[in-house]
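Take a look at the letters that make up each chain.
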Amino acid sequence: MNEAEIVENAALLTHVFGEWPSFHDAEVLTMHLDRAGEDGPSLEACVHVFRATSEVGADGRYVLTRHTKVTLRFCNILLPGLRGFNEQNSVSELDIEEVDPAEHDGRRLRACFGSNFGVEADLLCDRILVKAVEPFDPGV
């Protein structure tokens, strides 16, 4: 499945990376839940995403480029699972898939934040959109 075809405004993010990023080792900075709104209950997540290169720096670590803060909005959500949010929140992936609304309380998308350390989330929703994309300084 191509997330860039499902996520609204995905071009804001694919413009930075040339494709939909993997979100591997990305860090969830904030998560905001809102029970009301025109899109129903929602979750908004700000995530630090970057590209890992094959180059190794003087410190022995892979060089990371294109540091970006992306704000994702998940609309009309059901949230079966959210746990582990702490001071770091490194994710292994952001998996997005289409699901049968008849089997998922009317929701057509499922999104899972897999955890390396910290937050783990599993949610169903009607829509996912890229709300904002901006350069990010990981030293801040």
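Here, the structure is the one placed above.
About the criteria used
Residues numbered from 1 in each chain as written. Predicted model: local features only at pLDDT ≥ 70, side-chain atom pairs only at ≥ 80, totals over all residues. Heavy atoms only, no water. Helix = DSSP H or I, 4+ residues; strand = E, 2+ residues; numbered from the N terminus. Rg over C-alpha atoms; globule rule 2.2 N^0.38 Å. Buried < 20%, exposed > 50% of the residue type's maximum accessible area, 1.4 Å probe, protein only. Areas by Shrake-Rupley, 256 points an atom, 1.4 Å probe, with all protein chains shown as cover. Phe/Tyr/Trp six-rings, centres within 6.5 Å; stacked < 30°, edge-to-face > 60°. 1 Å grid on protein atoms, 1.4 Å probe; cavity = no way out; pocket = protein on both sides within 12 Å on 5 of 7 lines; lining within 4 Å. Points joined across faces, edges and corners; volume = space filled by probe spheres on them. Nonpolar A, V, L, I, M, F, W, Y, C, P; charged D, E, K, R; others polar. Patch = residues over 30% accessible without salt bridge, like charges linked within 9 Å, V, L, I, M, F, W, Y side chains within 5 Å. Salt bridge = Lys/Arg side-chain N within 4 Å of Asp/Glu carboxyl O. Core = buried A, V, L, I, M, F, W, Y, C linked by side-chain atoms within 4.5 Å.

A. Representation of the overall build of the protein chain within the structure. Each helix and strand in the protein chain was counted, giving two helices and eight strands. Beginning at the N terminus, the succession of helices and strands in the protein chain can be written as α-α-β-β-β-β-β-β-β-β. Against the globule reference of 14 Å for 140 residues, the protein chain gives a C-alpha radius of gyration of 15 Å, in line with a compact fold. Burial status across the protein chain gives 38% buried among its 140 residues. Here the protein chain displays about 7800 Å² of accessible surface, and carbon together with sulfur accounts for 46% of that area.

B. Spatial organisation of the packing of aromatic side chains. One pass over the full model with this rule turns up two aromatic pairs. Centroid distance Trp20 to Phe23: 5.8 Å. Interplanar angle 40 degrees. Geometry classified as tilted. Each member of the pair, Trp20 as well as Phe23, is classed as buried. Each ring, one from Phe74 and one from Phe113, has its centre 5.9 Å from the other, and the planes form 70 degrees; the classification is edge-to-face. In this pair, Phe74 is assigned in strand E3 (residues 62-75) and Phe113 in strand E6 (residues 109-117), connecting sequence segments 39 residues apart. Judged by its relative accessible area of 0%, Phe74 falls in the buried class.

C. Quick look at the layout of surface pockets. Taken as a whole, the largest pocket holds about 350 Å³ of empty space. In terms of lining, the largest pocket is formed by 17 residues, of which the most central are His24, Asp25, Phe50, Ala52 and Leu64. For the lining of the largest pocket, the leading source of residues is strand E2 (residues 42-56), giving five residues. Along the lines of polarity and charge, the residues of the lining of the largest pocket split into eight nonpolar, five polar and four charged.

D. Molecular detail of a nonpolar patch on the surface. Taken together, the side chains of Val56, Tyr62 and Leu64 define a hydrophobic patch exposed on the protein surface, amounting to about 310 Å² of accessible area. Within the secondary structure, Tyr62 sits in strand E3.

E. The arrangement of the environment of Glu87 in detail. Tracing the backbone shows Glu87 in the loop between strand E4 (78-83) and strand E5 (90-98). Separated by 30 residues in sequence, Glu87 and Phe117 have C-alpha atoms that sit 9.6 Å apart.

F. Representation of the nonpolar core within the structure. Counting residues in hydrophobic clusters, the biggest one holds 30 residues, and the most contacted among them are Trp20, Phe23, Phe74 and Phe113. Mapped by element, the contributors of at least two residues to this core are helix H2 (11-17), strand E1 (27-34), E2, E3, E5, E6, strand E7 (120-125) and strand E8 (127-135).

G. Spotlight on unusual backbone geometry. The phi dihedral of Asn9 is positive, around 65 degrees, even though this residue is not glycine. As for its placement among the helices and strands, Asn9 is situated in the loop between helix H1 (3-6) and H2. The backbone phi angle of Asp25 is positive, close to 65 degrees, even though this residue is not glycine. Looking at the element boundaries, Asp25 is found in the loop between H2 and E1.

H. Representation of the pattern of salt bridges. Counted according to the given criterion, the structure contains nine salt bridges. Linking Lys131 and Glu44 is a salt bridge whose minimum nitrogen-to-oxygen distance equals 3.0 Å. In this pair, Lys131 sits in strand E8 while Glu44 sits in strand E2, placing the two residues 87 residues apart along the sequence. Notably, a salt bridge pairs Arg108 with Glu98, separated by 3.9 Å at the nearest N-O pair. Of this pair, Arg108 sits in the loop between E5 and E6 while Glu98 sits in strand E5; the two residues are 10 residues apart in sequence, bridging distant segments of the chain. The exposure class assigned to Arg108 is partly exposed, which follows from its relative accessible area of 33%. Taken together, the shared-partner salt bridges connect Glu8, Asp39, Glu44, Arg73, Arg127 and Lys131 into one network.

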